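Examination of the molecular architecture
Each chain is listed here by its residues.
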Amino acid sequence: MAAHYRIARAASTRETAGVSADEVLIRSAGVTLPQTTKVTPMLRQWLEAKAKAKDAVLLFRMGDFYELFGDDARLAGEVLDLAVTTRDRDKGDDAMPMAGFPHPQAPVYIARLIAAGLKVAVCDQLEDPALARGIVKRDVTRVVTPGMVLEDESLDARANNFLAAVVGAGGGALGVCALDVSTGEVLATVLTGGAALVDELLRLGAREIVVDPALPPELVERLLQPRPAGVGARVEVRTPPAKARLLPRLGAPDAWLLDDGRAPALAACELALTYVEETGQGKVPRHLRAPRALDVGDTLLLDPVTRAHLALTGPPGELRKDGTLLAVVDRTKTAVGGRTVLRRLLSPSADVTRIERRLDAVQRFVDDAALRGAVREQLTGFPDLARLVARAAAGRAVPRDLARLRDALAALPRVRALVDVELPLVPALADRLSRALVDEPALALGQGGVIAPGYDAALDESAALSTTVRDRIAALEEAERKATGIANLKVRYTSVFGFYIEVTRAHLAKVPERYQRKQTVANGERYLTDELAALEAQVEGAEARRNAREAELFAALVDAVAAESAALLAAADVIGELDASAALAEVAVAERWCRPVLHPRERRALVVEEGRHPVVEAAVRRRGDTYVPTSVALDGDERQILIVTGPNMAGKSTMMRQVALLQILAQAGSFVPARKAELSICDRVFTRVGASDDLAQGRSTFMVEMTEAAHILRGATPCSLVLLDEIGRGTSTFDGLSIAWAVAEHLHDVIGARTLFATHYHELAALADERPRIKNVHVVVKEWNEEIVFVRALAEGAAEHSYGIQVARLAGLPAPVLLRAREVLAGLERARPQSDHAPTPQLGLFERRAPGAPPPPPPSPTLTRLRAVEPLRLTPLEAINLLAALVEDARRE
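Worth saying up front: this structure is predicted, and the values here are computed from it rather than measured. Per chain, residues are indexed from 1 in the order of the written sequence. Reporting of local features is limited, given that this is a predicted model, to residues whose pLDDT is at least 70; pairs of side-chain atoms are given and counted only at 80 or more, and all residues count toward the totals for whole chains, interfaces and linings. In computing side-chain values, all of the structure's heavy atoms are included and hydrogens and water are not.

The secondary structure content of the chain amounts to 29 helices and 26 strands. For the chain, with 893 residues in total, the buried portion stands at 48%. Contacts in the chain between residues at least 24 apart in sequence constitute 68% of all its contacts with a sequence separation of at least 6. Accessible surface for the chain amounts to roughly 42,100 Å². Of this, 54% is attributable to carbon and sulfur atoms. A helix here means a DSSP run of H or I that spans at least four residues, while a strand means a run of E at least two residues long, and both kinds are numbered starting from the N terminus. Here's how the labels work: a residue is buried when its accessible area is under 20% of the maximum for its type, exposed when over 50%, partly exposed in between, all with a 1.4 Å probe on protein chains only. In this analysis, two residues are considered to be in contact whenever any of their non-hydrogen atoms come within 4.5 Å of each other. Methods summary: accessible areas were calculated by the Shrake-Rupley approach with a probe of 1.4 Å, and residue burial reflects only the protein chains presented.

Structure (structure tokens):
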């Protein structure tokens, strides 16, 4: 079990009986200290914080640094490449390890710890050290986990960051909630079975999962396993609450979720919210929205294998990797628009009305180039409203977050003036932020330069007093130069020593007795006077009042933003939809895509004229070549299954993937790369393409292939689209052919799914004679002077040749090998009788006996064994031994 699968256990009363209070505290913190370690007030404070987050790496704020101690220091030192030291080096192994980094670097370091799969607790100072009486008050202010991050450094701006919660409900039912604290989205559904759960969590990209302890251990193990075998997420175990305490705060969920059979989904939402409250130290951000239904029955389902085979996206962290569909279609200008396009691609709709509404929005931008350009110009550089609101609602916003939010609110009226949409503007908040903030606020509070002059009289008074006193200090410098005759005397300031007078060594004899020496430096001395000390006290008092008032005003602004979170998040949704629609229109115009004609799923039509693979076409264009389009037609009545033959490299796989991508794009609400496309709605797209093994799970290429084929045959329906490429090639010829034949029959006779079935088994072409809805097509290849030319067009009928040796020649196989291959091929072809589609003996494998006919005689064991021999795989010695054994068997018969 992975290290992140932990259940905290409190020390029992028996375990703590008869031990000191410090020892109890050490045990509750779950740490081991060197025997010589003295528990000081500071260490006791650290232990109290550690006890609240014993399974987390604790960042302990001390002044301008975050410090780490003990095992946390060792672990963080390795992950963050920090120097691990100790204050008591003379103690050797008994010394307490420690490491640290400046507090402004915390977001970057936290992101690296989270990326390493760790949990981080942040213990902050709760008061100004300068005003503290005794040790500074500290406490854990937040716990950061992979599913509970808000900082940009830990997030992919164009992807959601979901925390998932899973609750068992009996009978294989599972309540699932997906909550993104960085955008406020809360989704919920009920799934059946572990396979469906893993598929959905992978699609959502869940980074952390909170699970019910009643879930089967093997399912939890699979959630922990790295991809592709599992989800590869961090897992926490929590008991689901008995009652909904937090969920009512979010408002009424979708009506779909209120059905009695979907109660587990709401239970999962309560579990997720409980974990949010736990990591937020008792707080639940108020921007979280009411749960929305994640209705998988209303979605074109794409399992992880299909998404990988079709290269819809890259791996986490590289979703828009070159060579993926997402990289081609995502031309959005905003982060929320990018998330919208990603969501549509991974969860295309199966609702014709919703798809047509999205296509209408794209069509509007296609037809009006000026509008498209104006909207995209306004959205360029548009801030991420949702994540800015999330940070404000969680109390994590910094001054520049509110400045970006102010700029976004100022741009909303301009966007609404261009496009007639229901776009919330929140004018009162926009005006308040505009008046309150300077144009470019400071990075953090406590430095001034956040609240605009004229916004608050008390703040202006404190700032003016601070400025006046500083002017007096500058005047003091000039007066002291004249009084002492030291021309280069300077009044300086540092955060450690405050204000001081600096005199170089050459003028030390002129220093008056009223100067109080404060520090000796390399080139002189530093002094303090009573007048300077009094002015410093005035400055500190004025700046403390200014900073306190500024922090108070800023907190009020943050609270005002959080109060408007519902309207702001609604505006973010509209911006995301507008950006996605305009971006898809930009792709459609630039790449000459057409609007698909959609039909209900029952019609089972798929007609593509001059379709193109969007990713391959882009690559071909970069090479300076021209992509050759292909036309394909499938239906449920006459052309349910197409057996596709042709040589390697001719374009079979590309054509098949192209058809699937067009179906996905259409149901995502996008135009498609074709001259014309009529498509019925699909419920699922399945693929079995490419050859790969799974070494981590000990599965061969053939086992992976068969597992994927079994998954397709169990899940496909008459409204599904199935792509099968070279099924059965991972085993012997007869075994592979038999499996491929039986799979094709099952798809035709039992399932009825529209299928593209690419194969090198030319014997399968005979299926078209036996099954009415199976047709043969081939990828056209031309021969010229013993060379082959890939035309890449699709034509009716089966291919006449495989052209394997010609393809091998193109691949650079040595001439002697090619010559020998031709000789062997000629011999094999002379040795076998020919039929229209395949050798007669092989077709005999699939002949059906008429009812009432006598059973055939039992096969000869020797002949059966001989038929299973693959001569080209035998060594000379194996061939001699086999021949001797066959002769002996024949004599016995």
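Moving on from the coordinates now.
With that settled, the discussion passes to the side chain of Asp579. With respect to the element layout, Asp579 can be found in helix H19 (residues 565-591). None of His or the chain ends enter the tally, which takes Lys and Arg as positive and Asp and Glu as negative. Only one rule defines a salt bridge in this text: a Lys or Arg side-chain nitrogen within 4 Å of an Asp or Glu carboxyl oxygen. One buried charged residue, Asp579, forms no salt bridge at all, with the nearest opposite charge on Arg376 at 4.7 Å. If sequence neighbours within four positions are ignored, Asp579 has contacts with Thr332, Lys333, Thr334, Gly337 and Leu379.

A separate point is the sheet that holds strand E17 (residues 597-599). Judged by pairing direction, the sheet is mixed, and its four strands sit side by side in the order E17-E21-E18-E19 without closing on themselves. Each edge of the sheet is formed by a strand with only one pairing partner; in this case those strands are E17 and strand E19 (630-634). Direction aside, neighbouring strands of the sheet carry axes that sit 15° apart on average. In this structure, strand E18 (residues 606-611) lies alongside strand E21 (residues 676-680), joined through four bridges in antiparallel fashion. Residue pairing across strands places Val607 opposite Glu678, the latter belonging to E21. The sheet strands contacting helix H21 (residues 652-667) are E17, E18, E19 and E21, and the helix crosses E21 at an angle near 75°. Strands are labelled as partners when DSSP assigns at least two bridges between them. What counts as an axis is a line fitted to C-alpha atoms, over the stretch in contact for a helix, and the angles between N-to-C directions run from 0 to 180 degrees.

For the rest of this paragraph, the subject is the pairing of strand E10 (residues 234-237). Looking along a regular strand, one sees the side chains alternate between the two faces of the sheet. Both faces of E10 are covered, namely the face carrying Arg234 and Glu236 and the face carrying Val235 and Val237. Examined bridge by bridge, strand E9 (residues 208-211) and E10 share four bridges and lie parallel to one another. Across the sheet, the residue bridging to Val211 is Val237, located in E10.

Let's shift gears to the state of the cysteines. Here, a disulfide means two cysteine sulfur atoms that sit within 2.5 Å of each other. The tally for this structure, following the rule as stated, stands at zero disulfides. Counting only cysteine sulfurs, Cys177 is the nearest neighbor of Cys269, a cysteine outside any disulfide, at a range of 3.6 Å. Residue Cys719 stays outside any disulfide, its sulfur separated by 7.7 Å from that of Cys682, the closest cysteine.

So, on to helix H20 (residues 614-622). Every buried residue of H20 is listed here: Pro614, Val615, Glu617, Ala618 and Val620. Taken together, the buried residues of H20 touch helix H10 (325-329) and H21. One or two residues past the end of H20 sits Gly624, with phi positive at roughly 85°.

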